Amino acid sequence: MLRLALILRRSFPRLAGFAMIPLIRGLVLLARTLGPGRSTALGAALLRTIGPLLPAHRTAMANLRAAFPDRPEAERRRIALEAWDNLGRTGAEYAHLDSLFDFDPDAPGPMRTEVAGIDHFAALRDDGQPGLIFSAHLGNWELPAICAARFGLDATAVFRPPNNPAAARLVQEVRRRSMGGLAASTPGAVFAMRDVVENGGHLGQLIDQHFTRGVVVDFMGRPCLANPLLAKLARHYDCPVHGVRVVRLPKGRFRLELTPPLDLPRNADGVIDIAGAMQAMTAVVEGWVRENPGQWLWMHRRWRPDMLPKARMARNTSQPIVENPQANVISHTASQTL
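Residues numbered from 1 in each chain as written. Predicted model: local features only at pLDDT ≥ 70, side-chain atom pairs only at ≥ 80, totals over all residues. Heavy atoms only, no water.

Caption draft 1: Seen up close, the pairing of strand E8 (residues 241–249). Within E8, nine of the nine residues are buried, which leaves it mostly tucked inside the rest of the structure. Of the two faces of E8, both are covered, the one formed by Val-241, Gly-243, Arg-245, Val-247 and Leu-249 as well as the one formed by His-242, Val-244, Val-246 and Arg-248. With three bridges connecting them, strand E2 (residues 131–135) and E8 associate as parallel partners. By the bridge assignment for E8, Leu-132 is matched with Val-241. Across six bridges, E8 lies against strand E9 (residues 253–258) in antiparallel orientation. Residue pairing for E9: Arg-248 is matched across the bridge by Phe-254. Here E8 folds back onto E9, and the loop between the two strands holds three residues, one of which, Lys-251, carries a positive phi near 60°. (Buried < 20%, exposed > 50% of the residue type's maximum accessible area, 1.4 Å probe, protein only. Helix = DSSP H or I, 4+ residues; strand = E, 2+ residues; numbered from the N terminus. Pairing = 2+ DSSP bridges.)

Written as structure tokens, this is what we have:
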């Protein structure tokens, strides 16, 4: 009986999540009925109202105070509200992902989505070699994978399934309808990601989330941990690395921007430096965030000083952690999504 009680207690969150499947599907049906414009406006209004009441809002405000210490508190609150607005719109747009991306270089009229750096995209697609693409939780971060699928880029997006099984099932269904290859960040998935690049494909990953066994990088003036997977793959295969971001524009429009390949730092032997490469990618993301701070996911605990190598060593001297932890990371997959 005690064992049964323990199993039920551990299973309840999962069971509750599955019980939410009809509710979430109902919300998706409502969003589809309302259409992209009205449903995203509703999602934005909902989270602008509810978001500031949630514990995650305190995390957002603490992050904003640390990132922008010289800005007035009122401006930081405005950015936080914009971030909730963007998150609400992005959530509602899951019901419309298959129709949001309508870019056509030959179309004469205005489109919902525009693409900057299309020449870089064509080169990445046609150069006959593998490639890596990093991005961040900006605007609607699902659109780059849809763009790749629509224009024939052999790309696999690394994603982390949501903790809620109902949301995970729904998101997977939507992604598989509108995107190309997908790789869930599970404990053994790093080998599948390596195979993608080994076979000449392209791998995309969001790099702006905390990764416990990551390398230390500076982001918005503070140290944090970044997953070095893309840097390790770039060093091993010496393939180009591009950045892509999504900028949310007025009137429900978007702009996708693909950077030229980054000139990543190399060591004395001429091979890509892991920590330096991740810092270079993170610096690009920081520039994006500073340009459109209200479109980034400030609610995430990106900075965790107690998880940095020295802090971890101080907490547990019986299991010392090296100052540069990158050597232990290749066997641990990303917790990021794309």
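Following the structure, the description resumes.
Caption draft 2: Just the pairing of strand E6 (residues 215–219), in detail. Where burial is concerned, the two faces of E6 differ: the one with Val-215, Val-217 and Phe-219 is buried and the one with Val-216 and Asp-218 is not. Both E6 and strand E7 (residues 222–226) contribute to a ladder of five bridges, which runs antiparallel. By the bridge assignment, Phe-219 is partnered in E7 with Arg-222. Connecting E6 to the antiparallel partner E7 that follows it, the hairpin turn spans two residues, and Met-220 within it adopts a positive phi of roughly 55°.

Caption draft 3: Here's a closer look at helix H3 (residues 55–67). Taking 1.5 Å per residue as the helical rise, H3 with its 13 residues ought to reach 18 Å, and the 19 Å between its terminal C-alpha atoms agrees with that figure. Among all positions in H3, only His-57, Ala-60, Met-61, Asn-63, Leu-64 and Ala-67 are buried. In an axial view of H3, the angular spread of the buried residues amounts to 160°, which keeps them on one side of the axis. Relative to its buried face, H3 has exposed residues pointing more than 90 degrees away, namely Pro-55 and Arg-58. Buried residues along H3 sit against helix H4 (73–93), E7 and helix H11 (274–291). (Expected span 1.5 Å × (residues − 1). Arc of directions from axis to C-beta. Contact = heavy atoms within 4.5 Å.)

Caption draft 4: Region of interest: the nonpolar core. With 62 residues, the main nonpolar core has Leu-132, Met-281 and Trp-298 as its most contacted residues. The element contributing the most residues to this core is H11, with seven residues. Look past the residues within four positions of Trp-298 in its chain and what remains in contact with it is Thr-59, Ala-60, Asn-63, Leu-64, Ala-67, Phe-68, Ile-79, Ala-83, Met-220, Val-289, Pro-293 and Trp-303. (Core = buried A, V, L, I, M, F, W, Y, C linked by side-chain atoms within 4.5 Å.)

Caption draft 5: Just the pattern of salt bridges, in detail. Overall, the coordinates contain 16 salt bridges when judged by the stated rule. Close ionic contact of Glu-114 with Arg-253 constitutes a salt bridge, the shortest N to O distance being 2.9 Å. Separated by 139 residues along the polypeptide, Glu-114 in strand E1 (residues 113–116) and Arg-253 in strand E9 bring together distant segments of the chain. Exposure remark for Arg-253: the relative accessible area of 28% places this residue in the partly exposed category. Salt bridges sharing common partners tie together Glu-114, Arg-245, Arg-253, Arg-255, Glu-257 and Glu-291. (Salt bridge = Lys/Arg side-chain N within 4 Å of Asp/Glu carboxyl O.)

Caption draft 6: Highlighting unusual backbone geometry. Although it is not a glycine, Met-220 adopts a positive phi angle of roughly 55°. Following the sequence through the fold, Met-220 ends up in the loop between E6 and E7. Residue classification places Met-220 among the buried positions, given a relative accessible area of 2%. Located in the positive-phi region is Lys-251, a residue other than glycine, with phi close to 60°. Topologically, Lys-251 is positioned in the loop between E8 and E9. The exposed category is assigned to Lys-251, whose relative accessible area is 83%.

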